[in-house]
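# Tertiary structure, described
Residues per chain, in single letters:
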Amino acid sequence: MKNLFSIKNIGLSFLLLLVLVLGLYQQNIRRLYITVTLYEQDKIVENFRSMYEWFNATRIEPSTQPFHFPVALQALPDSFSYQGQVQSTLGFLALSQTTGLLVLKDGKIVYEGYFLGHSESQAHISFSVAKSFVSALVGIAVDEGYIQSIDQAVTDYVPELMDSGYAQVRIKDILQMSSGVRFNEDYADFDSDINRFSRATAFGSSLDEFAASLIRQRPPGTFHQYVSIDTQVLGMLLTRATGVSLTDYLSEKIWQPLGMEHHAYWLADDTNMELALGGLNVTLRDYAKFGWLYLKMGQWTDSDGQVTQVLPRQWISDSVTPDAAHLMPGLHNPQSSSSAGYGYQWWIPLDAQDEYAAQGIYGQYIYVDPDQNLVIIKNAANDQYTDKSLDWTAQNYAMFRAISGHFAEP
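Residues numbered from 1 in each chain as written. Predicted model: local features only at pLDDT ≥ 70, side-chain atom pairs only at ≥ 80, totals over all residues. Heavy atoms only, no water.

## Quick look at the sheet that holds strand E1 (residues 57-60)
Note the threshold: A strand pair is defined by DSSP finding two or more bridges across the two strands. The helix count covers DSSP runs of H or I at least four residues long, the strand count covers runs of E at least two residues long, and both are numbered beginning at the N terminus. Whether two residues touch is decided by their heavy atoms; if any such pair falls within 4.5 Å, the residues are in contact. In this analysis, axes come from line fits to C-alpha atoms, helices being fitted only over the stretch in contact, and the angle between any two N-to-C directions falls in the range 0 to 180 degrees.
Strand order in the open sheet formed by four strands is E1-E7-E8-E6, and the pairing between neighbours is antiparallel. Two strands bound the open sheet, and with one partner strand each, they are E1 and strand E6 (124-125). Most of the contacts of helix H12 (residues 284-295) go to strand E8 (residues 280-282), to which it runs at about 105 degrees, and overall it touches E6 and E8.

Spelled out as structure tokens, the structure:
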């Protein structure tokens, strides 16, 4: 009987310990579950518009003077051509699981559509579109003197990276995804660095410590390889140089001046360091304002007609202009892992005339076509994104170019 009583006590103690552990780690367990099931077909759409509810996130307040684009809605083109085949535009939007599409032409919203339960006031995860926002903040910090020059080493500002692959790497090389750091960005590989990083994020682990753990693979500034942690390092740079969080700097320098209409959310670790490389959650119309700011070369005109140079004109020009052989677009560039060109966290599509884009995994885009005075924003939750045989990026650009041509002046 005594032994039975002891066993019962041990069992009860174990149960209480299990309850305690589950209670302490409930949030981490929930976040890990969301991370592991993030891209599953029956969950992906809802996950992409509610990530900030499940993960730790900072909040960015709407502008005190919201700006609203005028609306003059028109129809999209019925179809577009891709690799010699005609595709239905609405059919492709459905096939690529588009949740929102907005077309801004001459400063007016000429198309705005929401699908799969998405809505005008609902923030949506940006993924790597956030990188272009971070680039803008770096440009502002340089203009304000917080960063003396992008030719400086990032470790001049972030000395804790001195024992990592980022030691003595120029800020410019990091902006241009040419840091030389070893990194596997394959989302289809469970054990890739980017997926390990995602799981670390789920547990709220230090994003700074993860960046400091990476090692050198190539000489910096010689090869373009997309390394998402490069942008995380830019986030570290900004917080050290300005002395404020990314959230506060974005709010002051971009959210308020552009009259952003809605709350935005930035995923963060448990120390509130933002997921600079892809954690912004923004509404479609507010993404559009950021695209329009770039199209207008950093100049913003508010509802009262007041003109402000929010971003330096030269920074935008430099951001979308590849300036070295390894950054040039081309199908067989031996110094690049991509056929697209690259600037300061902005993509220059293959065969681009003057177009450029911010783009994120699973179908997020800010597409800017300056000579047509046009910006296209797309949010999606494409669970087939990792099927490389379909080349979703090329298909999206084909559609964007058809839309741009459709709305061109007669």
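Don't stop here, the text continues.
## Digging into the packing of helix H6 (residues 129-143) against H12
The condition is simple: Roughly parallel means an angle under 35 degrees; roughly antiparallel, over 145; roughly perpendicular, 65 to 115; everything else is oblique. Whether a crossing is left-handed or right-handed is set by the direction in which the near helix is turned from the far one by less than a right angle, anticlockwise for left-handed and clockwise for right-handed. When residue character is reported, Ala, Val, Leu, Ile, Met, Phe, Trp, Tyr, Cys and Pro are called nonpolar, Asp, Glu, Lys and Arg charged, and the others, Gly included, polar.
Packing of H6 against H12 leaves a shortest axis separation of 12 Å and a crossing angle of 50 degrees. Considered as vectors, H6 and H12 are oriented oblique to each other. You can see that H6 and H12 cross each other, and the crossing is left-handed. Together, Val129, Ser132, Phe133 and Ala136 of H6 and Tyr287, Phe290 and Tyr294 of H12 make up the contact between the two elements. For the contact of H6 with H12, a count of residues per class yields six nonpolar, one polar and no charged.

## Structural notes on the layout of surface pockets
Convention followed: As defined here, a cavity is a set of points on a 1 Å grid over the protein atoms alone where a 1.4 Å probe fits but cannot get out. A pocket is an open set with protein on both sides within 12 Å along at least five of seven lines, and residues line them when an atom is within 4 Å of a point. Grid points are joined across faces, edges and corners, and a volume is the space filled by probe spheres set on the points.
By volume, the largest pocket is sized at about 1100 Å³. Around the largest pocket sit 32 residues that line it, and Ser338, Trp347, Gln359, Tyr385 and Thr393 are the ones nearest its centre. Per-element tally for the lining of the largest pocket: the top contributor is helix H14 (residues 392-406), with six residues. Grouping the amino acids of the lining of the largest pocket by side-chain chemistry returns 16 nonpolar, nine polar and seven charged. Here the second largest pocket is characterised by a volume of approximately 500 Å³. Lining the second largest pocket are 28 residues, and of these Thr35, Leu38, Tyr39, Asn195 and Ser198 sit closest to its centre. A per-element tally of the lining of the second largest pocket places helix H8 (residues 193-202) first, with six residues. When the residues that make up the lining of the second largest pocket are grouped by side-chain class, the tally is 17 nonpolar, eight polar and three charged.

## Some thoughts on the pattern of salt bridges
To keep things clear, this is the line we draw: Each salt bridge in this description consists of a side-chain nitrogen of Lys or Arg and a carboxyl oxygen of Asp or Glu lying within 4 Å of one another. For every residue, the accessible area (1.4 Å probe, protein chains only) is compared with the maximum for its type, and the residue is labelled buried under 20%, exposed over 50%, or partly exposed between those bounds.
Taken as a whole and assessed by the stated rule, the structure comprises 16 salt bridges. The partner of Arg285 in a salt bridge is Glu112, and the shortest N-O contact between them spans 2.8 Å. Within this pair, whereas Arg285 is found in helix H12, its partner Glu112 is found in strand E5 (residues 108-114), the two being separated by 173 residues in sequence. Its salt-bridge partner being Arg170, residue Asp173 comes within 3.0 Å of it at the nearest N-O pair. For Asp173, a relative accessible area of 5% translates into the label buried. Residues joined in a network through salt bridges with shared partners are Glu40, Asp42 and Lys43.

## So, the packing of aromatic side chains
Operational definition: Here the aromatic set is Phe, Tyr and Trp, taking the six-membered ring for Trp, and pairing holds for ring centres within 6.5 Å; pairs whose planes are under 30 degrees apart are stacked, those over 60 apart are edge-to-face, and all others are tilted.
Enumeration over the complete set of coordinates arrives at 31 aromatic pairs. The interplanar angle of 80 degrees and the centroid separation of 6.1 Å between the aromatic rings of Tyr397 and Phe400 together place this pair among those described as edge-to-face. Of this pair, Tyr397 and Phe400 are both found in helix H14, three residues apart, which corresponds to roughly one turn of the helix. Considered together, Tyr397 and Phe400 belong to a single accessibility category, that of buried residues.

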